[in-house]
Amino acid sequence: MYAILLNFIGIVVGAGIGALARPKIREKYITVLNTAMGLASLVLGVNVAMTNIEKAGASVLFIFCLAIGGVIGTLLRLDERMERTTARFSKGKLSEGILTGILLCCIGTLSMVGPILSALYNDDSYLITSATLNFVTMIVLASTYGFGVAVSAVVVFLWQSAFYWSAKLSQVSLQPELLAEISIVGGVLIAAAGLGILHIKDCKTINLLPALCIPPIYFAIRHFVGF
């Protein structure tokens, strides 16, 4: 578990460094960093989705996940609630920064398989690598959006802990198909966040977040039903 805590600390410290550097960075450089982060999110998201789509058992499941998750998120008005909450602490697009931080730090092999390897084999190499990347990512994000993006650390900690304890309690690796489906949906959301950062299309990505919960529910039902 110490490596998961290391990820939490890396995100908070990285956000702190980025926030301290922010006032010293001219607006044009912040714009460049913002554009770079948008492009990186777009490319990483597409890559994650395309890499895992061949590993998925049901190649169209992610479409239903996004559709159902989007409807749920819209009904719950997650986007509006997030905007109102972050508006109390920042006049900028803090919610966009927090969402991007959560997606970039949560979705991927390092943050999903890492906790499983740590739980089953005491192998923390993936999580330590993840902590390093998250540290750098948050420096860039905080230099654009401010220290508020450090909130991502809480979500990342809960996310990685969920995978860790799921593997620890069951003492078996989670289904590769499930991890692939979550990665596909997550990749699409990362790419959607990138489009928002680049001001190409506001996909209301926050409303799509419930889509990440659909694959585990689907596989749980499939397991109990036996098909």
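Just above sits the structure.
Quick caveat, the model's predicted, so the values are computed rather than measured. (Residues numbered from 1 in each chain as written. Predicted model: local features only at pLDDT ≥ 70, side-chain atom pairs only at ≥ 80, totals over all residues. Heavy atoms only, no water.)

A. Here's a closer look at the overall build of the protein chain. Summing up its helical and strand segments, the protein chain has 11 helices and zero strands in all. Moving toward the C terminus, one meets the helices and strands of the protein chain in the order α-α-α-α-α-α-α-α-α-α-α. Taken against the 2.2 N^0.38 rule, which gives 17 Å for 227 residues, the C-alpha radius of gyration of the protein chain at 17 Å falls within 12% of a compact globule. For the protein chain, the spread of C-alpha atoms along the three principal axes comes to 60 × 40 × 30 Å. The 227 residues of the protein chain split such that 47% are buried. Sequence-distant contacts in the protein chain: of pairs separated by 6 or more residues, those separated by 24 or more amount to 82%. Accessible surface, the protein chain as shown: approximately 11500 Å² in total, 70% of it carbon and sulfur. Of the side chains in the protein chain, 15 bear a positive and 11 a negative charge, and the two mean positions are spaced by 10 Å. (Helix = DSSP H or I, 4+ residues; strand = E, 2+ residues; numbered from the N terminus. Rg over C-alpha atoms; globule rule 2.2 N^0.38 Å. Buried < 20%, exposed > 50% of the residue type's maximum accessible area, 1.4 Å probe, protein only. Contact = heavy atoms within 4.5 Å. Areas by Shrake-Rupley, 256 points an atom, 1.4 Å probe, with all protein chains shown as cover. Lys, Arg positive; Asp, Glu negative; His and termini not counted. Charge placed at Lys NZ, Arg CZ, Asp CG, Glu CD.)

B. The pattern of salt bridges, seen in detail. Applying the stated criterion across every chain yields a total of five salt bridges. A salt bridge links Asp 79 to Lys 204, with the nearest nitrogen and oxygen atoms 3.4 Å apart. In this pair, Asp 79 sits in helix H4 (residues 78-87) while Lys 204 sits in the loop between helix H9 (176-197) and helix H10 (205-208), placing the two residues 125 residues apart along the sequence. Relative accessible area serves as the criterion here: at 38%, Lys 204 is assigned to the partly exposed category. Between Lys 204 and Asp 202 there is a salt bridge; the shortest N-O distance is 3.6 Å. Overlapping salt bridges, with partners in common, bring together Asp 79, Asp 202 and Lys 204 in one network. (Salt bridge = Lys/Arg side-chain N within 4 Å of Asp/Glu carboxyl O.)

C. Spotlight on the packing of helix H6 (residues 109-121) against helix H8 (residues 152-170). Relative to each other, H6 and H8 sit at 40 degrees, their axes nearing to 8 Å. Comparing the axis directions of H6 and H8 gives the class oblique. When the axes of H6 and H8 are compared, the crossing they make is right-handed. Every residue of H8 that contacts H6 at Ser 111, Met 112, Pro 115, Ile 116, Ser 118, Ala 119 and Leu 120 is listed here: Trp 159, Gln 160, Phe 163, Tyr 164, Ala 167 and Lys 168. Split by residue class, the contact of H6 with H8 holds nine nonpolar, three polar and one charged. (Axes fitted to C-alpha atoms, helices over the stretch in contact; angles between N-to-C directions. Parallel < 35°, antiparallel > 145°, perpendicular 65-115°, else oblique. Left-handed = near helix turned anticlockwise from the far one by under 90°. Nonpolar A, V, L, I, M, F, W, Y, C, P; charged D, E, K, R; others polar.)

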